[in-house]
Structure formats: structure tokens, C-alpha cells
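# Structural overview for review
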Amino acid sequence: MQDEMREQYSRTRLLLGQAGLDRLRAARVAVFGVGGVGGYVVEALARSGVGALDLIDDDRVCLSNLNRQIIATRSTLGMYKVDAAAARIRDIDPEIVVRTYKTFYTPETADRFDFAQYSYVVDAIDTVTGKLSLVMQAKAAGVPIICSMGAGNKLDPSRFEVADLYETSVCPLARVMRAECRKRGVDHLKVVYSKEPPLAPIAEEKTEETAPAGAPARPGTPKKRAPGSVAFVPSAAGLVLAGEVIRDLSGVSQK
């Protein structure tokens, strides 16, 4: 099995070195939100050999996820997203320790998680209150965090970049987060965002997200029109997020 694992990560070793791979193997990363963005984060972290992954999401796979979420296939419809992601991880590398939490993260559920156990936190959730809570919990625990800003209603995957929150522009979500983080005394926050102005969704017959029977209600989620999204934008954001985590944890930076 050791030789097999060595072969599996041989291409990664050429860029990160054995020491970098060892640091990834020793890391435990929490990914909050396993949807269009977070699913690709999880995929890349697993394929890079991160040793332990905590997956937090209460949602189930539904038909409207099939256009963009890597965990969404006909065979996973109705499954909890964290379970579908965990099954993919086991199929990629059964040695990775996976912990799943069918939890909608809010300030009220924050005490279910010991942030001090994490090597890194990835925020790929949608609500501002949840994002702010993640930032404050990670900062209090002294754990690095990276946050995804808005990826909905966009069509240009090349526009995503890594920046400090206070250097962002255009993105409406980043604007709200800047104001709220400033109030809370957060002076630095690494984010992935896009300067592409969000597009107005094309008007069509009013429909609702189709969730499978038995899907849990998501407390605190306002009833609003779902943003438009495509296969190639949230995936790009997720891979940029994962790349930053992998470089930070491995200690290898681009030259």
C-alpha cells in the first residue's frame, strides 16, 4: 500500500517535494459548504493528499445541482452532499480521514466545532452571518481561513483572484463583508473573488429549487431567487481556493 500511495502522488511530489506532501498528509482541513464551490475544493484537497477532511453541509443533492456540482450525478440524487463527497474521497484515497457533519453552519451551531483542531478552514457557504462567524471562530483559534466571495450570476472563470478582503472591488458580497469585518476589528482576510460584475438572470417562469422529499429545511435562509450558475465558474473559484490552501499548507509557493 505504501508503494501504491507513493505512485499515486508521484506527479504532485515533483512540484511540492516529499516534505510538502508530508505536511499535507499531517493537515486537517475543514470545508464549510460542499456545493458548487466547496465540492471542487474538497476534490482538489483529496487528490492532493490532505490527510484529514471535515465536511460541513446539511443539504442534499438535487436535480438543479447537476449542471455544476462535482458531487452531483444521477446516482447521488437525494444523498446528503457530505456523504456523496465522502464516497468520492474514499474512492480517491481510502487512507484520508473524513468526518462529515450534516449541519447548516450558523452562529448558533458554531459551538459544535472545535476550530483549534483544524490546520485550515475553507469558507464556501452562502450566508453573511455564517461567513462572519467562521471568520471570528477561526481568528479566535489562530487558524488560517480563506473565504469564497460571490460566484453566482457570473460567466468568466478567468476573473477569479486571491486578495485581501480590503483590496477587493466590484463584488457585492465582498463589499458587505468588508463593512462587517471592519466593525469586528478584522484587519486581514484572505479571499477569492471576481471583479466581473454579476449578470442579471434572464427572466423566466417562476420556479423553486427542487429538493428531494425529506430534505431538511435550512434555518435562517431567506426566500429569494436562486442565482444563475454554470459548470465552469464555481469550479474555477473552488480550484483557486484549494490551490491557495495546498500551497500554504505545503510551504511551497509559486516563483
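Right, let's walk through the structure included here. (Residues numbered from 1 in each chain as written. Predicted model: local features only at pLDDT ≥ 70, side-chain atom pairs only at ≥ 80, totals over all residues. Heavy atoms only, no water.)

This part is about the sheet that holds strand E2 (residues 52-56). With mixed pairing, seven strands are arranged side by side in an open sheet as E3-E2-E1-E4-E5-E7-E6. Whereas interior strands pair on both sides, the edge strands pair on one side only; in this sheet they are strand E3 (97-101) and strand E6 (160-164). Across the sheet, the mean angle separating the axes of adjacent strands is 20° when strand polarity is ignored. Sheet analysis places strand E5 (residues 145-148) next to strand E7 (residues 190-194), joined by three bridges and oriented parallel. For Cys 147, the partnering residue across the bridge sits in E7 and is Val 191. (Pairing = 2+ DSSP bridges. Helix = DSSP H or I, 4+ residues; strand = E, 2+ residues; numbered from the N terminus. Axes fitted to C-alpha atoms, helices over the stretch in contact; angles between N-to-C directions.)

Taking every second residue as pointing to the same face, both faces of E5 are buried, with Ile 145 and Cys 147 on one and Ile 146 and Ser 148 on the other. As paired strands, strand E4 (residues 120-123) and E5 are joined by three bridges and run parallel to one another. From the neighbouring strand, Val 121 faces E5, where its bridge partner is Ile 145. In this fold, E4 hands off to helix H5 (residues 128-141), which returns the chain to E5; that crossover is right-handed. (Buried < 20%, exposed > 50% of the residue type's maximum accessible area, 1.4 Å probe, protein only. Right-handed = clockwise from strand over helix to strand, strands pointing away.)

Tallied over the entire structure, the rule returns seven aromatic pairs. Residues Tyr 105 and Phe 115 carry aromatic rings whose centres are separated by 6.5 Å and whose planes lie at 70° to one another, so their mutual orientation is edge-to-face. Linking Tyr 105 in the loop between E3 and E4 with Phe 115 in the loop between E3 and E4, this pair joins segments that are ten residues apart in sequence. Residue Tyr 105 is classed as buried on the basis of its relative accessible area of 3%. The class of Phe 115 is buried, set by a relative accessible area of 2%. Taken together, a centroid distance of 5.7 Å and an interplanar angle of 80° make the contact between Phe 115 and Tyr 118 edge-to-face. (Phe/Tyr/Trp six-rings, centres within 6.5 Å; stacked < 30°, edge-to-face > 60°.)

Our focus in this paragraph is the nonpolar core. Val 29, Leu 45, Leu 53, Leu 55 and Val 245 are the most contacted members of the largest nonpolar core, which has 42 residues in total. Elements with a minimum of two residues in this core: helix H2 (10-25), strand E1 (28-32), helix H3 (38-47), E2, helix H4 (81-92), E4 and helix H7 (234-250). Ranked by residue count, the leading element in this core is H7, at seven residues. Ignoring anything within four residues of it in the chain, the contact list for Leu 55 reads Val 31, Val 34, Val 42, Val 82, Ala 85, Ala 86, Ile 89, Val 98, Arg 99, Thr 100 and Tyr 101. Judged by nonpolar contacts, the second largest core, of 29 residues, contains Tyr 118, Cys 171, Val 186 and Val 191. (Core = buried A, V, L, I, M, F, W, Y, C linked by side-chain atoms within 4.5 Å. Contact = heavy atoms within 4.5 Å.)

Our focus in this paragraph is the pattern of salt bridges. Under the defined criterion, the tally for this structure stands at 13 salt bridges. Of the charged contacts, one joins Lys 183 and Glu 180 as a salt bridge, the two residues approaching to 3.2 Å between their closest N and O atoms. Here the residue Lys 183 and the residue Glu 180 both occupy positions in helix H6 (residues 172-183), the gap between them amounting to three residues, near one helical turn. According to the relative accessible area criterion, Lys 183 is exposed, its value standing at 64%. Among the salt bridges present, the one from Lys 190 reaches Glu 244, with a minimum N-O distance of 3.1 Å. Highlighted residues: Lys 190 in strand E7 and Glu 244 in helix H7, separated in sequence by 54 residues. On the basis of relative accessible area, Lys 190 is assigned to the buried category, the value being 19%. Glu 244 gets classed as buried once you look at its relative accessible area, which sits at 13%. Where salt bridges share partners, they join Lys 190, Glu 244, Arg 247 and Asp 248 into one cluster. (Salt bridge = Lys/Arg side-chain N within 4 Å of Asp/Glu carboxyl O.)

Between H5 and H6, the least distance of the axes is 11 Å, while the angle of their chain directions is 50°. Looking at the two axes, H5 sits oblique to H6. Viewed along their axes, H5 and H6 form a crossing whose handedness is right-handed. Judged by residue contacts, Val 128, Lys 131, Leu 132 and Val 135 of H5 engage Leu 173, Val 176, Met 177, Glu 180 and Cys 181 from H6. Tallied by class, the residues present in the contact of H5 with H6 amount to seven nonpolar, no polar and two charged. (Parallel < 35°, antiparallel > 145°, perpendicular 65-115°, else oblique. Left-handed = near helix turned anticlockwise from the far one by under 90°. Nonpolar A, V, L, I, M, F, W, Y, C, P; charged D, E, K, R; others polar.)

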